[in-house]
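Architecture and fold: a report
Residue strings, one per chain:
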Amino acid sequence: MNYPERFSNLPPYAFPRLRALLDGVEPGGETVHMTIGEPKHAFPAWVTDVIAKHAADFNRYPTNEGAPELLAAISAWLKYRFDTDVPTDQIMALNGTREGLYNAPMALCPEKKNGKQPVVLIPNPFYQAYMLAAISAGAEPMFVNTDSSTNFLPDFGAQPVDVLERTALVYICSPSNPQGGVASADYWCEQITLAEKYDYKIIADECYSEIYRDEAPTGILTVAKQMGADLDRIVVMHSLSKRSNLPGLRSGFVASGPETMRRIRQQRTYSGTPVPLPIQYASAAVWSDEEHVVENRALYREKFELADRILGNVPGYQGPEAGFFLWLPVEDGEAAALKLWQETGVRVLPGAYLAQDTKDGNPGKSYIRIALVAPADETEAALIKIRDCLFPQE
């Protein structure tokens, strides 16, 4: 029986690897899950009312692009948040941004770039959908290691010229997952300038943009407007999963320039998984409300401060600028995760599982990722266990 070879060399996914490491080992206490970035704060109570009000629309096929009400709400939010006018025909609703992040290369990556196999540049560590998307589109995924020296953002400009000349797409996640580094206006300007020079597109994954400490992260659309850049070169994606604690709603969007969006919409027409209409109406209401976002951000800010107080003396500790993960330095991520599980029952993710091995090593090997998604009291207790287990006071 024949099967395709394109996926034959995929590494095991992060969470099966974690289960292989920890399952079968007796936990040292009550299980505390800090592995998955699944928000646990309450979402707005009225969301279910909107869905119920429009429940009859589950009897209708949804539009591919998105309901006019939803697209208008997203366009208004982009104007409010990033001071950028994006027409509704340059926006498309998504069944969660993973769909868009995966499908974008299928719509946008050429078969050849300067006569050679195209390259998709990916920050390392990275959200795993990026790699599979590149492979599915027939491109070569190349991983650019990130560390604290670049605020955990990829330095694509440092890549060899022959690689940049083959580059068709790059992924940039800001705030970065898992480290919480935030792209500055200067950084975005440099990336857009580089993309113009070497003629490639930027896929900007900004799903964590609304969870931050003090200053709202600068978005690529804001900088593109200031530069007068061609929006067809920029593909930006946002989600309600983190912003509004609605991971199960599976609701996000993609926005870009007119020609790029024409191609994204066309590809989606054939492969289509449009968002159910009651979900779209609820999403429109959620994008139109900022009060719950401010309240949610305050809850995360409280947990950032807890982490600073409890773990601030750990050598190399950096509290995240944004997002809701701690990227905690340890000697060995797998050994630390196993020790925590055996001695405390706290379950965290080894950083190496979120990265690829490269000739320069695995940039996640000496880290663990800790999700700060539980209520503050549970988070505080777990962080104390982590400190006392991995960094005992002498």
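The next point concerns the sheet that holds strand β6 (residues 201–205). In space, the 7 strands of this open sheet follow the order β2-β8-β7-β6-β5-β3-β4, with mixed pairing throughout. Where the open sheet ends on each side, the last strands, each with one partner, are β2 (91–94) and β4 (140–145). Across the sheet, the mean angle separating the axes of adjacent strands is 20° when strand polarity is ignored. One ladder, built from 6 bridges, connects strand β3 (residues 119–124) with β4; its direction is parallel. Along β4, the bridge assignment pairs Ile-122 with Phe-143.

On to the packing of helix α12 (residues 291–311) against helix α14 (residues 376–390). Interaxial distance between α12 and α14 falls to 10 Å at its minimum, and their mutual angle equals 20°. If you check the angle between α12 and α14, you find them roughly parallel. Pair α12 / α14 crosses with right-handed handedness. Side by side, α12 and α14 meet where Glu-302, Lys-303, Leu-306, Ala-307, Arg-309, Ile-310 and Leu-311 of the first sit next to Ala-376, Thr-379, Glu-380, Leu-383, Ile-384 and Arg-387 of the second. Across the contact of α12 with α14, the residue classes tally to 7 nonpolar, 1 polar and 5 charged.

On the surface, Asp-214, Glu-215, Glu-302 and Glu-305 cluster together to form a negatively charged patch. In this fold, Glu-305 is placed in helix α12.

This next bit is on the layout of surface pockets. Its boundaries defined by the atoms lining it, the largest pocket holds a volume of some 600 Å³. Surrounding the largest pocket, 28 residues form its lining, Gly-37, Arg-98, Tyr-127, Tyr-208 and Lys-242 being those nearest its centre. Going through the elements one at a time, α1 (14–22), α4 (97–108) and α9 (240–243) are the ones with two or more residues in the lining of the largest pocket. Among the elements that line the lining of the largest pocket, the one with the most residues is α4, at 3 residues. Of the residues in the lining of the largest pocket, the class split is 14 nonpolar, 8 polar and 6 charged. Considered as a void within the structure, the second largest pocket measures approximately 290 Å³ in volume. Taken together, Leu-121, Pro-141, Met-142, Phe-143, Val-144, Asn-145, Gln-159, Thr-358, Lys-359 and Asp-360 form the lining of the second largest pocket. Ranked by residue count, the leading element in the lining of the second largest pocket is β4, at 5 residues.

The subject of this paragraph is unusual backbone geometry. Glycine aside, a negative phi is what most residues show, and trans is what most peptide bonds show. In this structure, the amide linkage connecting Asn-124 to the following residue, Pro-125, adopts the cis form with an omega of 10°. With respect to the element layout, Pro-125 can be found in the loop between β3 and α5 (129–136). Along the chain, Ser-174 connects to Pro-175 via a cis peptide bond; the corresponding omega equals -5°. One non-glycine residue, Phe-152, adopts positive backbone phi at about 60°.

What counts, and where the lines are drawn
Residues numbered from 1 in each chain as written. Predicted model: local features only at pLDDT ≥ 70, side-chain atom pairs only at ≥ 80, totals over all residues. Heavy atoms only, no water. Pairing = 2+ DSSP bridges. Helix = DSSP H or I, 4+ residues; strand = E, 2+ residues; numbered from the N terminus. Axes fitted to C-alpha atoms, helices over the stretch in contact; angles between N-to-C directions. Parallel < 35°, antiparallel > 145°, perpendicular 65-115°, else oblique. Left-handed = near helix turned anticlockwise from the far one by under 90°. Contact = heavy atoms within 4.5 Å. Nonpolar A, V, L, I, M, F, W, Y, C, P; charged D, E, K, R; others polar. Patch = residues over 30% accessible without salt bridge, like charges linked within 9 Å, V, L, I, M, F, W, Y side chains within 5 Å. Areas by Shrake-Rupley, 256 points an atom, 1.4 Å probe, with all protein chains shown as cover. Salt bridge = Lys/Arg side-chain N within 4 Å of Asp/Glu carboxyl O. Lys, Arg positive; Asp, Glu negative; His and termini not counted. Charge placed at Lys NZ, Arg CZ, Asp CG, Glu CD. 1 Å grid on protein atoms, 1.4 Å probe; cavity = no way out; pocket = protein on both sides within 12 Å on 5 of 7 lines; lining within 4 Å. Points joined across faces, edges and corners; volume = space filled by probe spheres on them.

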